Amino acid sequence: MTLRAHPHRDHHRTTAVVAALGATALVLTGCSSDDGEAETTSTQAELTTIAASPETQSAPSTSQAAEAPAETPADDSPDAAAFAAAGTADKEHMPTKMDSLNIVDTRVGEHDGYDRVVFEFDGDGAGDPGYHTSYSKEPAQQGSGFPVEYPGNVALVVMIHGVKMDLEGPPPGPVAGAAGYIAGVKDTGTFEADAQYVIGLDRERPYTVTTLQNPTRLVIDFQS
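### Observations concerning the overall build of the protein
Item 1. Within the protein one finds 1 helix and 10 strands.
Item 2. Across the protein, helices and strands are ordered from the amino to the carboxyl terminus as α-β-β-β-β-β-β-β-β-β-β.
Item 3. Per-residue burial over the protein gives 32% buried out of 224 residues.
Item 4. Of the roughly 14500 Å² of accessible surface on the protein, 54% is carried by carbon and sulfur atoms.

The structure is reproduced here in structure tokens:
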């Protein structure tokens, strides 16, 4: 008996094999594409997480740090025994030689046992400033006689003698804020070489007036 090939059956079998191989290729391609997209999405998520993490942010450069303010001259502490005879009475000092002084800084400070106002003059050896101080509840501006408004309940009026009159300087006004029992310091102007300041306080307190050098400073200490 002779066997004969059936060409149509072989053709169908070949076609089925090719189709199966093509389907397998498509499945593999689809898997590869899906894996690639998953890897890309995962990588982007990791990058986003790293960028958002505060641990990866670099610390600010030290060159961008604010510069420290310049230090002011050291103001010596008052003698503890000075306040024993300080009192609240008027105080006055007139030097034998009246220099032409220039006030370059006014500041206040709160310390242990006393509060302080400092008037600083321009440079070393600026001279010995003259002064007159007195308490008043109704201080008046020198020259005009107008009442002076001030913070606090009572004012210590400070007249500094031998001061240059700065016609180009700022108009009179507040020059220092509060510190301890000092409510504020106000500049009322300079008239005929006398600079007038009004220091506002909560009440009349015993005080001392001293002069420091290098640079020249007029220092007023109020007992706390």
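### Details of the pattern of salt bridges
Item 1. On inspection of all chains with the given rule, the structure shows 4 salt bridges.
Item 2. For Arg-107, the salt bridge goes to Asp-105, with nearest N and O atoms at 2.6 Å.
Item 3. Exposure remark for Arg-107: the relative accessible area of 14% places this residue in the buried category.
Item 4. Overall, the relative accessible area of 28% leaves Asp-105 in the partly exposed class.
Item 5. Where salt bridges share partners, they join Asp-105, Arg-107 and Glu-120 into one cluster.

### Points about the pairing of strand S2 (residues 103-111)
Item 1. Bridging between S2 and strand S3 (residues 114-121) involves 8 bridges; their strand directions are antiparallel. By the bridge assignment, His-111 is partnered in S3 with Tyr-114.

### Let's talk about the environment of Glu-138
Item 1. Within the secondary structure, Glu-138 sits in the loop between strand S4 (130-136) and strand S5 (154-161).
Item 2. Each C-alpha atom, one on Glu-138 and one on Tyr-150, is 9.4 Å from the other, the two residues being 12 residues apart in sequence.

Basis of the calculations
- Residues numbered from 1 in each chain as written.
- Predicted model: local features only at pLDDT ≥ 70, side-chain atom pairs only at ≥ 80, totals over all residues.
- Heavy atoms only, no water.
- Helix = DSSP H or I, 4+ residues; strand = E, 2+ residues; numbered from the N terminus.
- Buried < 20%, exposed > 50% of the residue type's maximum accessible area, 1.4 Å probe, protein only.
- Areas by Shrake-Rupley, 256 points an atom, 1.4 Å probe, with all protein chains shown as cover.
- Salt bridge = Lys/Arg side-chain N within 4 Å of Asp/Glu carboxyl O.
- Pairing = 2+ DSSP bridges.

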